[in-house]
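Descriptive structure summary
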Amino acid sequence: MKENSKALLFTAIAVASWSTVASAFKIGLRHYSYFELILVSAITAMLIFALVITFQGKWHLLKKLTKKEVGSYAFTGLLNPAFYYLILFKSYDLLPAQIAQPINYFWPILLAILLAVIEKKRIPAFKFIGMVISFGGVILISVGPESIAGIQLSKTGIFLAFFSAFLWATFWIVNRRNKNVDGVLGLFLSFMFGSVYLLIGAFFVPVSLGSWQGLLSSVYVGMFEMAVPFIFFGLALQKTSNPALTNQLCYLSPFISLFIIHAVLGETIFFTTYVGLFLIVFGILLNEFLSKRKT
């Protein structure tokens, strides 16, 4: 019971962190370009992972990595943080936070589809129920504001938000091959390589980091989007006796985030956003439930 209490606390920290970052993205993008935002955020996250590894005394694990594993992290670093967050932040630059965030949460459905294609397995018919429900939520969020409130949304932004979900699903598929590597060490390596790629990119992209508001927002994003929640979520999974519940509690964050978006950014949350997000999450959870009933 004591360990489960710790797991709930760690999960709450992760959920609270993820609930605030959509607003932090938009605030940061008021002062930094999306490239500047990811550059500072990725380096911040890398340094936090390095501090955790130092505190845990795990640097010696680097010696146990094979060249193949290091090469794998060189690739995952290109996917996340570099490519994924560049696409995600650009979508936030083009869309209201309440639109970009829920579409990005469609990634578990894309993950299931990609795994089926890669492993050459047919998707069970019952799983299409959840997929259709979730996809209906994406459609509602994408077209609802225009049809109901007459608000034009960037089609490019919607595509990029959807593509970011695809990239996140791809990252988790590629990262599966490193399941025997310590989680925090793996995140450090991905963000180390990603930071190197972004620093190289800074030679070709105009970068001006003079805004203190942009700097603080970027550091916040690096801490509470990329580093802290993943560390505590990993700890929660280690402590809990019910990992399914821990995973499902994380879906509270997009709903909490909508209230923070309204309070901090002043966005009027569309009714279609609430319904669409509910459909996306309901479809994902329904798929998980049906999968367990069928096994």
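Residues numbered from 1 in each chain as written. Predicted model: local features only at pLDDT ≥ 70, side-chain atom pairs only at ≥ 80, totals over all residues. Heavy atoms only, no water.

1. As for the overall build of the protein chain
A tally of regular secondary structure across the protein chain gives 12 helices and 0 strands. The helix and strand sequence of the protein chain, counted from the amino end, reads α-α-α-α-α-α-α-α-α-α-α-α. Taken over C-alpha atoms, the radius of gyration comes to 19 Å for the protein chain, in line with the 19 Å a tight globule of 295 residues would show. By residue count, 51% of the 295 residues in the protein chain fall in the buried class. Counting contacts in the protein chain only where the partners sit at least 6 residues apart, residues at least 24 apart contribute 88% of the total. Counting every atom, the protein chain has about 14,400 Å² of accessible surface; 71% of that belongs to carbon and sulfur. The protein chain carries 22 positive and 10 negative side-chain charges, and their two centres are separated by 11 Å. (Helix = DSSP H or I, 4+ residues; strand = E, 2+ residues; numbered from the N terminus. Rg over C-alpha atoms; globule rule 2.2 N^0.38 Å. Buried < 20%, exposed > 50% of the residue type's maximum accessible area, 1.4 Å probe, protein only. Contact = heavy atoms within 4.5 Å. Areas by Shrake-Rupley, 256 points an atom, 1.4 Å probe, with all protein chains shown as cover. Lys, Arg positive; Asp, Glu negative; His and termini not counted. Charge placed at Lys NZ, Arg CZ, Asp CG, Glu CD.)

2. Digging into the nonpolar core
Ranked by internal contacts, the top residues of the largest apolar core, which has 85 residues, are I38, F49, F89, Y92, F191, L198 and M226. Apart from residues lying up to four places away in sequence, I38 is in contact with P81, Y85, L86, F89, L198 and M226. (Core = buried A, V, L, I, M, F, W, Y, C linked by side-chain atoms within 4.5 Å.)

3. Concerning the confidence of the model for the protein chain
Overall, the predicted model of the protein chain reaches an average pLDDT of 90, with 95% of residues at or above 70. When pLDDT is averaged over each helix and strand of the protein chain, the minimum, 82, is found for helix α6 (residues 127-148) and the maximum, 97, for helix α2 (residues 34-56). (pLDDT = per-residue confidence, 0-100.)

4. Points about the side chain of S91
The residue S91 is located in helix α3 (residues 67-94) in this model. By relative accessible area, which is 0% here, S91 ends up buried. Contacts of S91, omitting those with residues within four sequence positions, involve A100, G157, L160 and A161.

5. Considerations on the environment of E119
The topology assignment puts E119 in the loop between α5 (107-118) and α6. Sequence-wise, E119 and S134 are 15 residues apart; in three dimensions their C-alpha atoms are separated by 23 Å. A polar contact is formed between the side chain of E119 and the side chain of R176, at a distance of 3.3 Å. (Polar contact = N/O pair within 3.5 Å; in protein donor to acceptor, adjacent residues only side chain to side chain.)

6. Section: helix α9 (residues 212-239)
Look at α9: 38 Å from first C-alpha to last across 28 residues, which is about the 40 Å you get at 1.5 Å a residue. Along its length, α9 reaches its greatest deviation from straightness, about 40°, at V228, and the proline P229 lies no more than four positions downstream. (Expected span 1.5 Å × (residues − 1). Bend = angle between axes of the 7 residues up to and from the residue.)

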